[in-house]
Each structure stands twice: as C-alpha cells, then as structure tokens.
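Residues per chain, in single letters:
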Amino acid sequence: MKTILAVETSCDETAVAIVKNRNVCSNVVASQIPIHQQYGGVVPEVASREHLVMINPCITQALAEAKLSWQDIDGIAATVAPGLVGALLVGLTAAKTLAMVHQKPLIGVHHLEGHIYATYLSEPELMPPFLCLLVSGGHTSLIYVKDCGKYEMLGTTRDDAAGEAFDKVARLLNLGYPGGPVIDRMAQTGNPQAFPLPEGRISLPAGGYHPYDTSFSGLKTAMLYLVQKLGQPLPVNDLAASFQATVARSLTKKTLTCAKDYGIKTIAVGGGVAANSALRQQLKAAAEAENIQVFFPPLKFCTDNAAMIACAAADHFQRGHISPLTLGVQSRLAITEVMKLYSVN
Ligand code: KG4
Ligand code: ZN
C-alpha cells in the first residue's frame, strides 16, 4: 500500500488529495471558477496567482482531513503536463519542496493519466485492458489503456474538445462560464429533438468517415446560424437539450464503434464532460445493448481533482517509477510519452 499526497494545479482548480492506492483519505478542491467567471474563461496569470494563495491552505487541509502526518506519506505527486505552464509550476514547485524537506520521492503525473485513474477510485476492481473515453475542457480522446503507463491513442478531436464546445455554445447562449454544467441544467427541461444538428464527421480521402475522430466545429457553426435565425427570445432550453444530445450521440457512436472494432468489453469515461447527464444516459444504454461494461466516475472525480493524480502516482510508485527532482512542467505532452516523466528504478 502506498500513501501519496498529490497536488493538481494544471488549470483553474487548486487541488490536494491523499490517497492510499485506490482509497481516498482526503480530497480538497479550491475552485477558481467564481474568479474567472467575470472574464468569461480562464485567465492563465490570474490562475497562477490564485494557486499561489491557495496551495498551502489546501495542503494543510488535506492532511487534517485525512488525519495523517508527514510520516504517513510515502510519496509526493504533482501534475506536470499538460496544462497552463505558470499554473503547473506552482504545484510542481510545492511538491518538489515537500519532497526535499520531508525526504520523500517525487512522482510527476500526466493530467490525462489522472483522468483515466479517476475511475479506479470508484471501481477498485477495474484492471486494464479497457477503453477510456476522455472528454475534458481540452481533450476528446479514445485511449486504449493497456497497462500503467502504456497507452495507445485511437481517436482524438480535429478541432474543439467536447468541453470547449460546451463552453463556447454556452457563451453563444449567454449562459456564462463554465458551459457544461449550465447547459446540462437547462437541457433538463428542453426537448432534445427540437432542432436537428450535425454530429460532426471527418471525411476520409478514400471516402467514408473516420470512425473514431471527432469534430465539433460544424456543430458549433450550426448552433451559431440557428441562434441568428431564431432571434430573441431564444428557446434556450430546447437549444441546450438539442446540442447536448447531439454531442452525446456523436461520442457514444464513436466510443462503441471503437470498442467493438478492438474487441474491448470495458469502457471507462473520464474528464469534466463525463459528468454530462445525456452522455451518461446514452452511452450506458448503448453499451448495455452491446454487452459492454461502462463506468463513469462520481461527479467529483470527473472534473479536475488531485485524488485521481494521487491514484495514478501510487500505481507508478508501486512499480518503481520515480521522477527526478530536475523534472519540469510541459504545456503539451502526449499520453503515449508518460514514461518520460520517470527514471525507472
Ligand atoms: O476535466 P475538466 O474539469 O478540466 C480539464 O481538464 O479541462 O473539464 C472541464 C470541462 C469544461 O469545459 C466544462 O464545461 C465541462 O468539463 N463540464 C461539463 C459538465 N461539467 C463540466 N460538460 C458537460 N456537462 C457537464 N455536466
Ligand atoms: Zn482535467
């Protein structure tokens, strides 16, 4: 059993958690959303400064809630990529300092690997191989999870990520930031069939469509034209429901096609958009019909948190994967490259 304290500061949440393998001892998240709301999106410099203010109180709170002291901690983890560089630096510098002061190993973690591990927190029996549909603010990916640190990217987005599409459409409908939760809420009382919208398919040069890649730019443009055509007052609930159902349908089709083509019987969904009620409902129903298991983490582990980062770190640490104290942050890093973060003992 490895007990890991992890910090996650890749975007607009300052998060610290303590996890024993797959058991969460504490999970502290200080969201900056109210601060960024006034700008309509995340302002990187503001995010970094806010992380600086919140990181120490969050660390203290995580230890207190877990009722643990530094002697109980086996390793210190931090998200090191991908993300906002200034924001990541705050978390990594805090983690390095703690590792040095308390003489603990440092484990750098890839943010998307964290989202994959989020499902382990609620499904302690889940083991690779499985397919992960990762849908967040910055990513829409179908990842073949073969083992800890061994990933194959099977599908990705050609333009906007799913969460980004929710955020942009919410702005178009004057619903504020972040868009996902508010669109989901408005959609509850809307008609998902009110407006037929394009799912977004990628044509292949040889004809036909790319089976696993997604594109949301056509859907976004269709929403813009629809809003211009309808004029005020907008039927916001019907628009939200139709948009959300279209995104869910597109993701469900691609995920199931991929799982069936690769003969994968288990799907884990991760990232902020995994909280979406239409996606949860559509994918669950479609997977059930194909005899495929699908797991969605509880909502608090879908959006950014440090428990998922600690869980990934615990698995790497267990296998002797430790990061050097010279490790830096990176705004971009493919998930297939995660082993670059470790000097394997
Ligand atoms: O994973 P996450 O917390 O941060 C990133 O790593 O990007 O994802 C944030 C994204 C935002 O775009 C937000 O609008 C979206 O997740 N989101 C949702 C829902 N809750 C959050 N999208 C659709 N439905 C939701 N219920
Ligand atoms: Zn995330």
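Residues numbered from 1 in each chain as written. Chains lettered and ligands numbered in written order. Predicted model: local features only at pLDDT ≥ 70, side-chain atom pairs only at ≥ 80, totals over all residues. Heavy atoms only, no water.

- Under an unreviewed UniProt entry, the name given to the protein chain is tRNA N6-adenosine threonylcarbamoyltransferase, and the organism recorded is Gomphosphaeria aponina SAG 52.96 = DSM 107014.
- Its UniProt record gives the protein chain the following Subcellular location (unreviewed entry) comment, quoted word for word: "Cytoplasm".
- The Sequence similarities (unreviewed entry) field of the UniProt record for the protein chain holds the comment "Belongs to the KAE1 / TsaD family." (UniProt positions renumbered as here; feature names shortened; annotations may be inferred.)

### A short note on the overall build of the protein chain
Next, step 1: A count of helices and strands for the protein chain gives 11 helices and 12 strands.
Next, step 2: Here the C-alpha radius of gyration of the protein chain, 20 Å, is about what a compact globule of 345 residues would show, namely 20 Å.
Next, step 3: Taking the principal axes of its C-alpha atoms as reference, the protein chain extends roughly 60 × 45 × 35 Å.
Next, step 4: Looking at the protein chain residue by residue over its 345 residues, the buried ones come to 55%.
Next, step 5: Split by element, the accessible area of the protein chain, about 14,400 Å² in all, is 53% carbon and sulfur. (Helix = DSSP H or I, 4+ residues; strand = E, 2+ residues; numbered from the N terminus. Rg over C-alpha atoms; globule rule 2.2 N^0.38 Å. Buried < 20%, exposed > 50% of the residue type's maximum accessible area, 1.4 Å probe, protein only. Areas by Shrake-Rupley, 256 points an atom, 1.4 Å probe, with all protein chains shown as cover.)

### Details of the sheet that holds strand E2 (residues 13-20)
Next, step 1: The five strands are arranged E3-E2-E1-E4-E5 in an open sheet whose pairing can be described as mixed. Single-partner strands in this sheet number two, and they are strand E3 (23-31) and strand E5 (106-110). Shown here is a sheet whose adjacent strand axes are inclined to one another by a mean of 20 degrees, direction ignored.
Next, step 2: Sheet strands in contact with helix H2 (residues 44-66) are strand E1 (3-8), E2 and E3, and its direction is about 25 degrees off that of E2.
Next, step 3: Along the sheet face, helix H3 (residues 85-101) touches E1, strand E4 (75-81) and E5 and points at about 160 degrees away from the line of E4. (Pairing = 2+ DSSP bridges. Axes fitted to C-alpha atoms, helices over the stretch in contact; angles between N-to-C directions. Contact = heavy atoms within 4.5 Å.)

### Quick notes on the side chain of Thr252
Next, step 1: Position of Thr252 relative to the elements: it lies in helix H8 (residues 236-261).
Next, step 2: By relative accessible area, which is 6% here, Thr252 ends up buried.

### Some details on the layout of surface pockets
Next, step 1: Looking at the largest pocket, its volume works out to about 1,400 Å³.
Next, step 2: Surrounding the largest pocket, 49 residues form its lining, Cys11, Ser136, Gly137, Gly138 and Asp167 being those nearest its centre.
Next, step 3: The element that contributes the greatest number of residues to the lining of the largest pocket is helix H5 (residues 162-172), accounting for six residues.
Next, step 4: Residues of the lining of the largest pocket, tallied by class, amount to 19 nonpolar, 19 polar and 11 charged. (1 Å grid on protein atoms, 1.4 Å probe; cavity = no way out; pocket = protein on both sides within 12 Å on 5 of 7 lines; lining within 4 Å. Points joined across faces, edges and corners; volume = space filled by probe spheres on them. Nonpolar A, V, L, I, M, F, W, Y, C, P; charged D, E, K, R; others polar.)

### What to know about the pattern of salt bridges
Next, step 1: Applying the stated criterion to the full structure yields 12 salt bridges.
Next, step 2: Note that Arg319 is salt-bridged to Asp147, the shortest N-O span being 3.3 Å. In this pair, Arg319 is assigned in the loop between helix H11 (307-318) and strand E11 (321-322) and Asp147 in strand E7 (residues 140-147), connecting sequence segments 172 residues apart.
Next, step 3: As a salt-bridge pair, Asp315 and Arg319 come within 3.1 Å of each other at their nearest N and O atoms.
Next, step 4: Looking at Arg319, the relative accessible area reads 37%, which means it is partly exposed.
Next, step 5: One network of salt bridges, with partners in common, ties together Asp160, Glu164, Lys168 and Lys220. (Salt bridge = Lys/Arg side-chain N within 4 Å of Asp/Glu carboxyl O.)

### Let's talk about the coordination of the zinc ion (ligand 2)
Next, step 1: Protein coordination at the zinc ion (ligand 2): the donors are His111 (NE2), His115 (NE2) and Asp304 (OD), at 2.0 to 2.1 Å from the metal.
Next, step 2: Each of the four donor atoms around the zinc ion (ligand 2) contributes to a set of angles spanning 95 to 139 degrees, which defines the coordination as irregular.
Next, step 3: Sequence spacing of the donors to the zinc ion (ligand 2): H-x3-H-x188-D. Within this pair, whereas His111 is found in helix H4 (residues 111-122), its partner Asp304 is found in the loop between helix H10 (299-302) and H11, the two being separated by 193 residues in sequence. Like His111, the residue Asp304 is buried in the burial classification. (Donors = N, O, S within 2.8 Å, 3.2 Å for Na, K, Ca; no water. Tetrahedral: all angles 85-135°; square planar, octahedral: opposite > 155°, others 65-115°.)

### A few points about the side chain of Asp315
Next, step 1: Looking at the secondary structure, you find Asp315 in helix H11.
Next, step 2: The contacts of Asp315, once residues within four sequence positions are left out, are Tyr117 and Cys148.

### Section: unusual backbone geometry
Next, step 1: Going from Pro128 to Pro129, the amide bond is cis rather than trans, its omega being 5 degrees.
Next, step 2: Within the element layout of this structure, Pro129 appears in the loop between H4 and strand E6 (130-135).
Next, step 3: In the segment running from Tyr177 into Pro178, the intervening peptide bond is cis, with an omega of -10 degrees.
Next, step 4: Tracing the sequence through the fold places Pro178 in the loop between H5 and helix H6 (179-187).
Next, step 5: The residue Gln103 is not glycine, and still its phi comes out positive at about 50 degrees.
Next, step 6: For Gln103, the position within the fold is in the loop between H3 and E5.
Next, step 7: You can call Gln103 exposed: its relative accessible area is 70%.
Next, step 8: At Asn291, a residue that is not glycine, the phi angle is positive and equals roughly 65 degrees.

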